[in-house]
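Spelled out from the first residue to the last, the chains are:
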Amino acid sequence: MSLLGYNDSHLHLIEQRFDATITARGSNITLRGEDEELNQLERVFNELQFLLAKNGTLTANDVNTVLDLVVDISTPKFSATKLRETDVAVLFTKNSIIKAKTPNQRVYLDKAQRNDIVFAIGPAGTGKTYLAVAMAVASLKNNEVSKIVLARPAVEAGESLGFLPGDMAQKIDPYLRPLYDALDDMLPSEKLKLYLERRIIEIVPLAYMRGRTLHNAFVILDEAQNATAMQMKMFLTRLGNNSKAIITGDVTQIDLPTNATSGLVQIQEVLKKIEGIDFVYFDKSDVVRHRLVREIIDAYEKFGEKENGKGK
């Protein structure tokens, strides 16, 4: 307990710095992961055992000091990592580098660094949500926040929700699946499972945010065009100290009833002059999915213009 801390508090500090899996059973500690991380972890535990033997006790400050000394200081961080002048890296994963691929995505990353609340508005496939999740994971890894909260309205469910099998969590799960998919790309499965179990990462329907105050958190609202005006106000007023929020959505894909106002549409007028809040707008040139996605969006735009012309 002296080494790992009360309720494994020291172990949790170490786990937040690494993707490797750390398992403590009795007097044995098992490490599983990439060779480079395992070498660093071995050094961390050796240093901590040395300090414990020397001082007879360990503090959280001791653990953080050892981590800062041992963990490779060249490990890229979201706030300052550059590959080339025009390629800003958000997050390094085992299989790839997540980075800005278009000019508007670079603007997005820059505004997210400089503001506590950013709205990202544009069509599907432009990387709005994926980059937001990458920024959140990077901030968690860099100890800039202590938790991530991802929220989505479950508007699409409508009355059909009751016909889906399972309890309420199972019924809502399909509407949150895109957020899980993004996290699966960025974190090892065991690490993600651990974060979800400990509520370091939460994925929740927007309605579940009511009444909460989120300190030291990176909060993302996805599909925000399906949040009502009151829900948008509720979400934005959840932010506590040292928290950041990114709100993403596509105002051309609103699924709300015709008599309901989209909070994402309204908020562009309400908050446009507040310092610390900014907006980023994407278009079809920013689509980074399959090449046909851009052509599909373009075709729908032309069809809509044609239909509007007929109506006149």
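Residues numbered from 1 in each chain as written. Predicted model: local features only at pLDDT ≥ 70, side-chain atom pairs only at ≥ 80, totals over all residues. Heavy atoms only, no water.

> Residues and numbers for the packing of helix α8 (residues 229-236) against helix α9 (residues 263-270), please.
Where α8 meets α9, the axes come as close as 8 Å, and the angle between the chain directions of the two elements is 65°. Pair α8 / α9 crosses with right-handed handedness. In contact with Ala229, Met232 and Leu236 of α8, α9 contributes Gly263, Leu264, Gln266 and Ile267. Residues that form the contact of α8 with α9 fall into these classes: five nonpolar, two polar and no charged. (Axes fitted to C-alpha atoms, helices over the stretch in contact; angles between N-to-C directions. Helix = DSSP H or I, 4+ residues; strand = E, 2+ residues; numbered from the N terminus. Left-handed = near helix turned anticlockwise from the far one by under 90°. Contact = heavy atoms within 4.5 Å. Nonpolar A, V, L, I, M, F, W, Y, C, P; charged D, E, K, R; others polar.)

> Describe the confidence of the model for the chain, with residues and values.
If pLDDT is low for a region, its predicted coordinates should not be looked at in detail. With 83% of its residues at a pLDDT of 70 or more, the chain shows a mean pLDDT of 81. Confidence, expressed as mean pLDDT per element, reaches its minimum in the chain at strand β3 (residues 82-84) with 40 and its maximum at strand β6 (residues 117-121) with 96. When the criterion is pLDDT under 50, residues 72-86 qualifies, and its contacts beyond four places in sequence or with other chains add up to 26 contacts. Segment residues 157-161: pLDDT under 50, and five contacts once partners within four positions in sequence are set aside and those in other chains are kept. (pLDDT = per-residue confidence, 0-100.)

> Kindly report on helix α2 (residues 35-55), identifying the contributing residues and their values.
Given a rise of 1.5 Å per residue, 21 residues ought to cover 30 Å, and the 30 Å separating the end C-alpha atoms of α2 matches this to within 8%. Regarding α2, the residues found buried are Glu37, Gln40, Leu41, Val44, Phe45 and Leu48. Taken down its axis, α2 places every buried residue within 135° of arc, on the same side. What points out from α2, more than 90 degrees from its buried face, is the exposed set Asp35, Glu36, Phe50, Ala53 and Lys54. The secondary structure elements touched by the buried residues of α2 are α1 (9-15), β1 (21-25), β2 (28-32) and α3 (60-70). Immediately downstream of α2, the backbone of Gly56 shows phi near 80°, a positive value. (Expected span 1.5 Å × (residues − 1). Buried < 20%, exposed > 50% of the residue type's maximum accessible area, 1.4 Å probe, protein only. Arc of directions from axis to C-beta.)

> I'd love a proper account of the sheet that holds strand β10 (residues 244-249), names of residues and values included.
Pairing within the open sheet is parallel, and its six strands lie in the order β8-β7-β9-β10-β6-β11. Only two strands of the sheet have a single partner each, and these edge strands are β8 (201-205) and β11 (277-281). Taken over all neighbouring pairs, the strand axes of this sheet differ in orientation by 15° on average, direction set aside. As paired elements, strand β7 (residues 147-152) and β8 share five bridges and run parallel to each other. (Pairing = 2+ DSSP bridges.)

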